[in-house]
Each structure stands twice: as structure tokens, then as C-alpha cells.
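Report on the structure
Okay, here's what each chain looks like letter by letter:
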Amino acid sequence: MESQTLHSIAEVEALRSVPDEDLMHRLTELVTQDRRVEADLVAHIGEVEARRLFAKRAFPSMFSYCTQVLHLSEAEAYRRITVARAARRYEGLLDMLRDGRMHLTGMALILRVLKSENYRSVLALATHRSKREIQELVAELSPRPDVSAVIRKLPRKR
């Protein structure tokens, strides 16, 4: 573990000597790679779940497999499984994740309002939006009724 820490420190130190333009280029490439890996990870989770391979490993659900074996947080597992399931129903979701048109968190949020007849137009509206903007879009597309005003009589003081 100590040599791993020293290696990480050396990597951080080495970055300090990288010219600005090279550093910016590397950062962009890493984000692109991260998006590809994320989309592939989601696709693999979807396929493992579809084949129920987690059950062959004595796990009751894909969620438990993701949290106990892959050591994903509950939130990471939930989002990836949710998007993996939706990607099997809605064409193009993984492509949007892969090319950065939508992030995983936003995708998990927008799925609440997707239907087979509207998914293309809704995904177009959600493209390149922040989490907050997607939350607002979801609220717009599925408004909740106003809470009815309730007045109740308070008990008398004794």
C-alpha cells in the first residue's frame, strides 16, 4: 500500500511539469475515455442482469451483486442498473452516455418521464443539460397537483 501511495504522489508531481496545452488535451481525452467506459459498464450490467448471472453467483439481485462484489455505492449501483434497464427499452441511451450528450445522473432522472411515444423528443430536450436543469425539465413534464389547503381546528387549552 505504501508503494502505491508513493506511486500516486509521483504521478501527481509529474503532472506539474506537463505543459498547459498538453494537460488540457489529456484531460479532454480522459473525460472521453471515462464516458466510453461508463457506457460499456452500464451495458455490461444490463447484460449480466438480463442473463441473471448474479443469481448463478448466489446473489439475490443485480443490486446486491453491484454493491457487494463490484463495491459500487448504493447510489452508483441504482443509477447504473436503472439506466441499463432503460437502455434495453430506449434506443440510443448508451450512445448519449458514451458521447457525453447526457450524464448518468441526468439519465437516471429523466427516465421517470420517458415513454415509448415521447422518448426521442424528451431526450433531445435533456441533451447537454445539468442535473438541476434536468430536474426542472422532469418537473415541467410531470407536474404534481397542488397540495390542497387544509385548515383544522386546534384543540382547546385546558
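Residues numbered from 1 in each chain as written. Predicted model: local features only at pLDDT ≥ 70, side-chain atom pairs only at ≥ 80, totals over all residues. Heavy atoms only, no water.

1. Re the overall build of the protein chain
Stated formally: Here a helix means four or more residues in a row that DSSP labels H or I, a strand means two or more in a row labelled E, and each is numbered from the N terminus. This radius of gyration counts C-alpha atoms alone. The globule rule is 2.2 Å times how many residues there are, raised to the power 0.38.
Of regular secondary structure, the protein chain possesses 9 helices and 0 strands. Listed N to C, the secondary structure of the protein chain is α-α-α-α-α-α-α-α-α in terms of helices and strands. Computed over C-alpha atoms, the radius of gyration of the protein chain comes to 22 Å, more than 25% over the 15 Å expected from 2.2 N^0.38 for 158 residues, which places it beyond the range of a compact globule. Considered along the principal axes of its C-alpha atoms, the protein chain spans approximately 75 × 50 × 45 Å.

2. Topic: helix α9 (residues 131-141)
Quick note on the threshold: Each residue gets one of three labels from its accessible area relative to the maximum for its type: buried under 20%, exposed over 50%, partly exposed in between, using a 1.4 Å probe on protein chains only. In this description, the arc belongs to the directions extending from the helix axis to the C-beta atoms. Contacts between residues were defined by any pair of non-hydrogen atoms, one from each residue, lying within 4.5 Å.
The set of residues buried in α9 consists of I134, L137 and V138. Take α9 and look down its axis: the buried residues cluster within an arc of 100 degrees, on one side only. Facing away from the buried side of α9 by over 90 degrees, the exposed positions are R132 and E140. Elements that come into contact with the buried residues of α9 comprise α7 (104-110) and α8 (119-126).

3. So, the nonpolar core
Note the following rule: Working definition of a nonpolar core: buried Ala, Val, Leu, Ile, Met, Phe, Trp, Tyr and Cys residues. They are joined through side-chain atoms within 4.5 Å.
Counting residues in each nonpolar core, the largest one holds 35 residues, and the members touching the most others are M102, I110 and L123. Contacts of M102, omitting those with residues within four sequence positions, involve M96, L97, M107, I110, L123, A126, T127 and I134.

4. Re the packing of aromatic side chains
Cut-off, in case you're wondering: The aromatic pairing rule takes the rings of Phe, Tyr and Trp, using the six-membered ring of Trp, and pairs them if the centres are within 6.5 Å, calling planes under 30 degrees apart stacked, those over 60 edge-to-face and the rest tilted.
For the structure shown, the criterion picks out 2 aromatic pairs. When the centroid spacing of 5.5 Å and the interplanar angle of 85 degrees are considered together, the rings of F59 and Y65 count as edge-to-face.

5. Comments concerning the pattern of salt bridges
Should their charged atoms come close, side chains of opposite charge can pair. So the rule is basically this: Put simply, a salt bridge is a Lys or Arg side-chain nitrogen that is within 4 Å of an Asp or Glu carboxyl oxygen.
By the definition in use, this model includes 9 salt bridges. For E47, the salt bridge identified is with R88, shortest N-O distance 3.3 Å. One end of the pair, E47, is in helix α2 (residues 20-50); the other, R88, is in helix α5 (residues 74-89), and 41 residues separate them in sequence. Under the relative-accessibility criterion, E47 is labelled partly exposed at 30%. Note that R120 is salt-bridged to E91, the shortest N-O span being 3.8 Å. You can see R120 sitting in helix α8 and its partner E91 sitting in the loop between α5 and α6 (93-99), a full 29 residues away along the chain. Each of the two residues, R120 as well as E91, counts as exposed. Linked by salt bridges that have partners in common, D40, D95 and R98 make up one network.

None of the figures reported here should be taken as evidence of function without further support.
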